[in-house]
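# Residue-level structural notes
Residues per chain, in single letters:
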Amino acid sequence: MKPTTSFGQKIIQFFHILFPILITQIALSAIAFFDTNMSGRFGTADLAGVAIGTSLWIPIQTGLSGILIGLTPIVSQLLGKRRDGEVAYKVMQGIWLSLIVSLLVLVLGALALGPVLSFMDLEPSVRSIAFRFLGALSFGVIPLFGYTVLRSCIDATGQTRVSMFITLIALPVNVGLNYLLIFGHWGFPRMGGVGAGVASAITYWVIFGVALLFIFLAEPFKNLGILRKFHALSPAAIKEQLLIGVPIGFSIFFETAVFSTVTLLMSRFDTMTIAAHQAAINFASMLYMIPLSICMSLTILVGFEAGSGRLKDARQYSLLGIGSAASMSLVTALVLLFAGSHVAGLYSTDPKVIALIKHFLIYAIFFQISDAIATPTQGVLRGYKDVNPAFIICFVAYWIIGLPTGYVLAEHTDLGAYGYWIGLITGLAIGAVLLLSRLFKVQHRFAAQYSGTQTEN
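Only a predicted model underlies this, so the values are computations on that prediction, with no experimental measurement involved.

What counts, and at which threshold
Residues numbered from 1 in each chain as written. Predicted model: local features only at pLDDT ≥ 70, side-chain atom pairs only at ≥ 80, totals over all residues. Heavy atoms only, no water. Helix = DSSP H or I, 4+ residues; strand = E, 2+ residues; numbered from the N terminus. Contact = heavy atoms within 4.5 Å. Domains from an automatic or database assignment. Buried area = accessible area lost by both parts, 1.4 Å probe. Salt bridge = Lys/Arg side-chain N within 4 Å of Asp/Glu carboxyl O. Nonpolar A, V, L, I, M, F, W, Y, C, P; charged D, E, K, R; others polar.

Moving on to the environment of L177. Tracing the chain through its elements places L177 in helix α7 (residues 160–183). C-alpha separation for the pair L177 and D155, spaced 22 residues apart in sequence, amounts to 28 Å. In contact with L177, not counting residues within four places along its chain, are I182, A199, I202 and T203.

For the chain, the assigned domains read domain 1 (15–233) and domain 2 (240–452). For domain 1 versus domain 2, the distance between C-alpha centres works out to 20 Å. At the interface, 51 residues of domain 1 touch 46 residues of domain 2. Here domain 1 meets domain 2 over a buried area of about 4100 Å², counting both sides, of which 70% is carbon and sulfur. Summed over the three residues of domain 1 that lose the most area to domain 2, namely F33, I74 and Q77, the buried surface amounts to 13% of that side. At the boundary of domain 1 with domain 2, the tally comes to one salt bridge. In this structure, K90 and E240 form a salt bridge, with 2.4 Å as the shortest nitrogen-oxygen distance. Per-element tally for the side of domain 1 that touches domain 2: the top contributor is helix α2 (residues 44–68), with 15 residues. For the side of domain 1 that touches domain 2, the per-class residue count stands at 26 nonpolar, 18 polar and seven charged.

Have a look at this one:
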């Protein structure tokens, strides 16, 4: 990355960083889309089982990945300060942390998965598919978290096209394996929804291996010496990453877990409602890739500018990113409003399920607009390394306000399952307002600190 002087240059650099991240995130969400879609084509019980398994896995995976992507602002600020020689050491500590996280997930998963699924009121076939889906997926945990660290480093250097290339390789691999393992084509076992878990695990190993090749063979990673020298685990370095990564991880966890909790609470409804809810969430999650990609881009750009002391440039990137996300959310709202039936038809051939999905998508319009404000704002705050207040805001907005509101509406009114979605909309909207308020305070504080430093000099 290079410093920019005009707003026009910033627009070019912003989209130069954003576009590959967006393609990457869309491709990653497409993997989940095809897992859900192809499982649904196999059978409704398989769709519901994969939905439950995904609802348990996604908040854990995204929350722990959030801890690991705390490496991104660390590396971007080091590069902004021209302390390139420290990057390799930080990445190695990130790899150590990913191994610790992976082992923790595997141990706790082995102990808790059975009891958690038994606690839920699921049909036996759905419970069995969910259990075996997650069991298959567990074989890809170590490479997935290892790749998260490598990708954080790759993106922090501004080489987001590398991540895009890796993910574009992964997508056809995953879809091809789904085709073989879910439906049992070409002599492979006919595994149904469980095959989606096996396919994802194999895909995680593929993307980790390709990322390692880039780290060892391509510039600028080769020049930075990443993974070319062994560094023992350092508790101090791990602590530094945790201080930034844990609040990021909790923020992501609180948001993703509230959606998953809603799915789990809806287990009292029939299998058709669960399947329709998950299909709508799955498509809305694909649209969420737009503000999420902008969020990740802003962390890189704002972190680089803030590390260099160019606070005006950091503020301009903030305005550009949040404004772009808000504008794009209006476009995606139109897609949901006018093409809901076509979207629903992608997930099921059952007219009743299609009608339910279409109804859920109407509610998705409102919370994806709030996401377009809240998510990029979090990316800016991470660039400033201001991460603790954001996770408190997310917890309050989603769990103290949003989820209880949804529960009351769903359980004590005639809204039923839709009440949960209204609760989600309420929490997301309040979170967006509070995060914006926090950003204004942080930018004012940075400006005052920088002004004081300049005066002293």
